[in-house]
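Here is what each chain is made of, one letter per residue.
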Amino acid sequence: MLRARILIAEDEPDFASALAEFLQDLGYQTEIVATGIALDAALRASPRDLILLDLGLPGRTGFDLLDDSDLIGRAAVIVLTGNPDAVERIVGLEAGADDYLVKPIDLRELAARIGSVLARRLGRQRQIVSFENASADLTAARILYPDGLTAPLSPGEVALIRTFAENPHRVLDRDQLLELAPAETTEALDRAIDSRIARLRRKLGTAQIVTLRGRGFRYEPD
């Protein structure tokens, strides 16, 4: 599956690292820059699919960068800011941002917005895995139900579904699953995989993830 390239332009190192780790768990390629000058250099070196842009970057403001269409190129832009002022939000959107989020940010909402922006702006095909009673949108980290309702997927659940989808009809033992879809906590015992898969089956309403006693698990798509 093609991984979108996301450039995180954020001068708060702890927040930037948390964003990068979360998005990497969802399968995105990420890079962090902390100043407007570093963002400028990164974009001139290599194009990106999406930029998470803090408007308050030192050296060169987010508004300056939004005005530079040659620099931004075809990249989608989601503005991140700590300023809740509606006027600033409107100015940012009018300057070319595709979406706008005010800190503190819910990471699952951010994942959903990134998936929507990439699909709408770049025409990127969303990574959908279909089950009997629901579908998993791995790009937006959401479960899509037939009645129109949705539910969030954690990074660990996204990794688990992606692992099964990329290995259909293949028996995966617990050690392989722990390696390919690591647990989100320090708990990494064999039985933790059983619990995660049981919860995932309930959320998806699926019997297509089959348990093979003494061997592991297998995804059987239609």
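What counts and how
- Residues numbered from 1 in each chain as written.
- Predicted model: local features only at pLDDT ≥ 70, side-chain atom pairs only at ≥ 80, totals over all residues.
- Heavy atoms only, no water.
- Helix = DSSP H or I, 4+ residues; strand = E, 2+ residues; numbered from the N terminus.
- Buried < 20%, exposed > 50% of the residue type's maximum accessible area, 1.4 Å probe, protein only.
- Contact = heavy atoms within 4.5 Å.
- Pairing = 2+ DSSP bridges.
- Axes fitted to C-alpha atoms, helices over the stretch in contact; angles between N-to-C directions.
- Expected span 1.5 Å × (residues − 1).
- Arc of directions from axis to C-beta.
- pLDDT = per-residue confidence, 0-100.

**Q** Can you explain the overall build of the chain? Please cite residues and give values.
**A** Looking only at helices and strands, the chain has nine helices and eleven strands in total. Counting every position in the chain, which comprises 222 residues, the buried fraction comes to 48%. Of the contacts formed within the chain by residues at least 6 apart in sequence, a portion of 55% connects residues at least 24 apart.

**Q** Explain the sheet that holds strand β3 (residues 50-54) to me, and be specific about the residues and the numbers.
**A** Taken in spatial order, the five strands line up as β2-β1-β3-β4-β5 in an open sheet, and their pairing is parallel. In this open sheet, the two strands that pair with only one neighbour each are β2 (29-33) and β5 (99-102). Taken over all neighbouring pairs, the strand axes of this sheet differ in orientation by 20° on average, direction set aside. Direction of pairing for β3 relative to strand β4 (residues 76-81): parallel, over a ladder of five bridges.

**Q** Got a sec to walk through the environment of Arg-60? Specific residues and values, please.
**A** Among the secondary structure elements, Arg-60 is positioned in the loop between β3 and α3 (62-67). Sequence separation of Arg-60 and Ile-37 is 23 residues, and the distance between their C-alpha atoms is 6.3 Å.

**Q** Account for the environment of Asp-85, naming residues and giving values.
**A** With respect to the secondary-structure elements, Asp-85 resides in the loop between β4 and α5 (86-94). For the pair Asp-85 and Val-102, spaced 17 residues apart in the sequence, the C-alpha separation amounts to 9.2 Å.

**Q** Residue-level account of the sheet that holds strand β6 (residues 128-130), with values.
**A** Across the sheet, four strands lie side by side as β6-β7-β8-β9; this open sheet has antiparallel pairing. Looking at which strands have only one partner, the edges of the open sheet turn out to be β6 and β9 (150-152). When the angles between neighbouring strand axes are averaged without regard to direction, this sheet yields 25°.

**Q** Provide a residue-level description of the environment of Pro-155, including the pertinent values.
**A** In this structure, Pro-155 sits in helix α7 (residues 155-165). Classification of Pro-155 as buried rests on a relative accessible area of 9%. For the pair Pro-155 and Arg-108, spaced 47 residues apart in sequence, the C-alpha separation works out to 9.0 Å.

**Q** I'd like to hear about unusual backbone geometry, residue by residue, with values.
**A** Between Lys-103 and Pro-104 the backbone carries a cis peptide bond, its omega angle lying at 0°. Here Pro-104 shows up in the loop between β5 and α6 (107-121).

**Q** Any details on helix α1 (residues 13-25)? Residues and values, ideally.
**A** Between its first and last C-alpha atoms α1 spans 18 Å; for 13 residues at 1.5 Å apiece the expected length is 18 Å, and the two agree. Along α1, the positions that sit buried rather than exposed are Phe-15, Ala-16, Leu-19, Ala-20, Phe-22 and Leu-23. Looking straight down α1, one finds its buried side chains confined to an arc of 165°; they lie on one side. Exposed residues pointing more than 90 degrees away from the buried face of α1 are listed as Pro-13, Asp-14 and Glu-21. Note on α1: the residue one or two positions beyond its end, Gly-27, has a positive phi of about 100°.

**Q** Any chance you could break down the pairing of strand β10 (residues 209-212) for me, citing the residues and the numbers?
**A** Pairing geometry for β10 and strand β11 (residues 216-219), over four bridges, is antiparallel. The partner of Thr-211 across the bridge, within β11, is Phe-217. Counting the residues between successive antiparallel strands, the hairpin from β10 to β11 contains three residues, one of them, Gly-214, with a positive phi of roughly 80°.

**Q** Hey, could you go over the confidence of the model for the chain for me, with residue numbers and the actual values?
**A** Mean pLDDT over the chain stands at 82; residues scoring 70 or higher make up 84%. Mean pLDDT in the chain bottoms out at α5, which sits at 64, and peaks at β11, which reaches 94. Low confidence marks residues 186-190, where pLDDT is under 50. Its contacts with residues over four positions away, or in another chain, come to six contacts.

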